[in-house]
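Analysis of the macromolecular model
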Amino acid sequence: MNKAIQIIAGSLLASVLAGGSMGASAAGFAADGLRGENNQLLLQVTTQAGSGDTGSRDGALLYANFRAPSSLVVRPDGTIIVSDSRNHEIRKVTNDQVSVLAGTFYQKDAKGMPVGALNDGGADTALFSDPHGMAADATGNLYVADTGNHAIRKVSTTGQVTTIAGDGITGSVDGRGAKARFHSPMDVAVAGDGTIYVADTLNHVIRSISPGGDVKTLNARSERYVEVTKGQAAGAGDYADGPLASAKFNEPSGLALDAKGNLYVSDSGNQRIRYIDLAAQTVSTVAGTGKAGRFTDLYVPGGYADGASSSAAFNFPLGLTVTAEGGVVIADSQNHSIRYLLDGQVSTLAGASGQRPGEQDGTEAGAGFQRPSDVAVLPDGSLLVADSYNNKIRSIQPYRLPAGITADDTVKVALNAKRIDFEAAPEINNGRTMVPVRAVTEALGYEVEFEPGTRAVKLSKDGVAIELYIDRTGVKRFEAGKEAAVQPTDTAPYIKQDITYVPVRFFAEQIGLDVQWDAATRTAILRTPHSSGKR
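A quick note: this is a predicted structure, and the numbers were derived from the prediction, not measured. (Residues numbered from 1 in each chain as written. Predicted model: local features only at pLDDT ≥ 70, side-chain atom pairs only at ≥ 80, totals over all residues. Heavy atoms only, no water.)

1. Observations regarding the sheet that holds strand E18 (residues 242-243)
The pairing of strands in a sheet happens through backbone hydrogen bonds and is either parallel or antiparallel. The strand order across the open sheet built from five strands is E18-E22-E21-E20-E19, with neighbouring strands paired in antiparallel fashion. Bordering the open sheet on either side are E18 and strand E19 (252-257), each of which pairs with just one other strand. As defined by bridge partners, E19 adjoins strand E20 (residues 263-267) across five bridges and the pair is classed as antiparallel. Counterpart to leucine 257 in the pairing with E20 is leucine 263. (Pairing = 2+ DSSP bridges. Helix = DSSP H or I, 4+ residues; strand = E, 2+ residues; numbered from the N terminus.)

2. Quick look at the environment of arginine 221
Secondary-structure assignment places arginine 221 in the loop between strand E15 (214-217) and strand E16 (224-229). Relative accessible area serves as the criterion here: at 34%, arginine 221 is assigned to the partly exposed category. Separated by 71 residues in the primary sequence, arginine 221 and alanine 292 place their C-alpha atoms 17 Å from one another. If near-sequence neighbours (up to four positions away) are discounted, arginine 221 is found in contact with Ser172, Asp174, Val205 and Lys248. (Buried < 20%, exposed > 50% of the residue type's maximum accessible area, 1.4 Å probe, protein only. Contact = heavy atoms within 4.5 Å.)

3. Digging into the environment of alanine 178
Secondary-structure assignment places alanine 178 in the loop between strand E11 (175-176) and strand E12 (187-190). Taking the C-alpha atoms as reference, alanine 178 lies 47 Å from alanine 365; in sequence the two are 187 residues apart. Here alanine 178 is in contact with Gly166 and Asp167, once residues within four sequence places are set aside.

4. Brief notes about the confidence of the model for the chain
In this model, the chain carries an average pLDDT of 90, and 93% of its residues clear a pLDDT of 70 or more. Confidence drops under pLDDT 50 across residues 1-27; counting only partners more than four residues distant or on other chains, this segment forms 123 contacts. (pLDDT = per-residue confidence, 0-100.)

5. A word on the packing of aromatic side chains
Scanning the model with the defined rule gives four aromatic pairs in all. Taking 4.8 Å as the distance between ring centres and 55° as the angle between the ring planes, the aromatic pair formed by tyrosine 264 and tyrosine 275 counts as tilted. Of this pair, tyrosine 264 sits in strand E20 while tyrosine 275 sits in strand E21 (residues 272-277); the two residues are 11 residues apart in sequence, bridging distant segments of the chain. Here the two residues tyrosine 264 and tyrosine 275 agree in accessibility, since each one is buried. (Phe/Tyr/Trp six-rings, centres within 6.5 Å; stacked < 30°, edge-to-face > 60°.)

6. So, helix H2 (residues 437-444)
Within H2, the full set of buried residues consists of Val437, Ala439, Val440, Thr441 and Leu444. Note on H2: the residue one or two positions beyond its end, glycine 445, has a positive phi of about 80°.

7. What about the pattern of salt bridges?
Enumeration according to the criterion identifies 26 salt bridges in this entry. With a closest N to O distance of 3.0 Å, glutamate 359 and lysine 392 form a salt bridge. With glutamate 359 in the loop between strand E27 (345-350) and strand E28 (362-363) and lysine 392 in strand E31 (residues 392-398), this pair connects stretches of sequence that are 33 residues apart. Overall, glutamate 359 belongs to the partly exposed group, its relative accessible area being 38%. If you follow the salt bridges from partner to partner, you end up with Glu37, Arg505 and Glu509 in one network. (Salt bridge = Lys/Arg side-chain N within 4 Å of Asp/Glu carboxyl O.)

Okay, structure coming up:
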């Protein structure tokens, strides 16, 4: 099994239904979001469904569990559809409950893992094998890239499952219905006219299925071979832009239709996002770079870089979704991050620094993912993520200032989603936000004491103490087992009308909070970077 499939094997639709596993937000995701001082969108990641344990348990959102959820579709009624790949089931999340929509858990192998198979029928008798990408048509029918069965399946609105193309046998054959053959298709997208597009991953091609069921290959097949072990060659994907008929891909694994009806392709083995203009019949690269060796590399080496799309780097990008403002959200699986392509620039929306795997909830930079495989946009502009190796469905929502904070001349402080009320108003001194110490420490659960001899303000909680000094710069942190050291600051605390003011940034950063400044509303925003990943 090739690497891109191995990556997944362990492991929207919203207001525009013609988009495959994608959707359109009601507002501009980037244009309307609150940004921090480095122009980073301020976001909050939470766990929406899944305990994180591997299993197939139905029930309440955080009680239920998954086994490598790989793709998402959101129906107009708010129901979230999940392809639960290693359980070989299509699950649904609705009314705060997780349950099975289609597929039967009928057998386990010698290692206790669920076994997939191919069988059409009702929701409780149909069988899938490692289902991945999904899409829905305008009437609500669901289409599934049934990867392990090398087939494209349909789940009707009544739950009836049928095979519309492929016969369960690996191959690369055009034709109608069961006469066609695929090799590990990973995603599908459905156009407004009913045409289904297929990322036929290990054939390295994009296929189309007409409303009548005719399967056609749209681009050139790769003729590249690599030496996978000494003296042994294997077929591999290739790379070529240009006319669609001669374009080449390397394990295309994600599809998304834009507002024009053209296709974005997550060309995973080439570490690129490609674009198929179906009217012009051309293929171009819209983000990503790199080159594979002719005889030794199955894939272009992965990397990580934000910035101009021509120099941005990915590491096995998978699921895609298109936003109303024309951006493309990307599940950058092996960077454990969610990326965003907009106006020729690539940025990281969420994911732990250093692109390390994690599962904690929190801020855009404090949250962690592990091999995210798909993304979807909800009508309110927030995102859903199939966090495959964490066995969770995650949500990424724009950070919102607490209610009542408006643009005026007063200085305000927000702690996560709450506004801190002060006995005296915070103020700006020497370019720094100064706050009455007692109110902010109480909000954070710290004890505060004043030492007259050293004129030190000492804040302590859970074995950690922060010490600042009246009319002197510097902040000192005390923690068991660590040597205390004074960190320089450019602003000193002071006493005004018997109230002690401290620079909120220096204190908050010392205790591990993320600190941002919203100039429009004159608000200092303090956020907890990460939590346990549980709600």
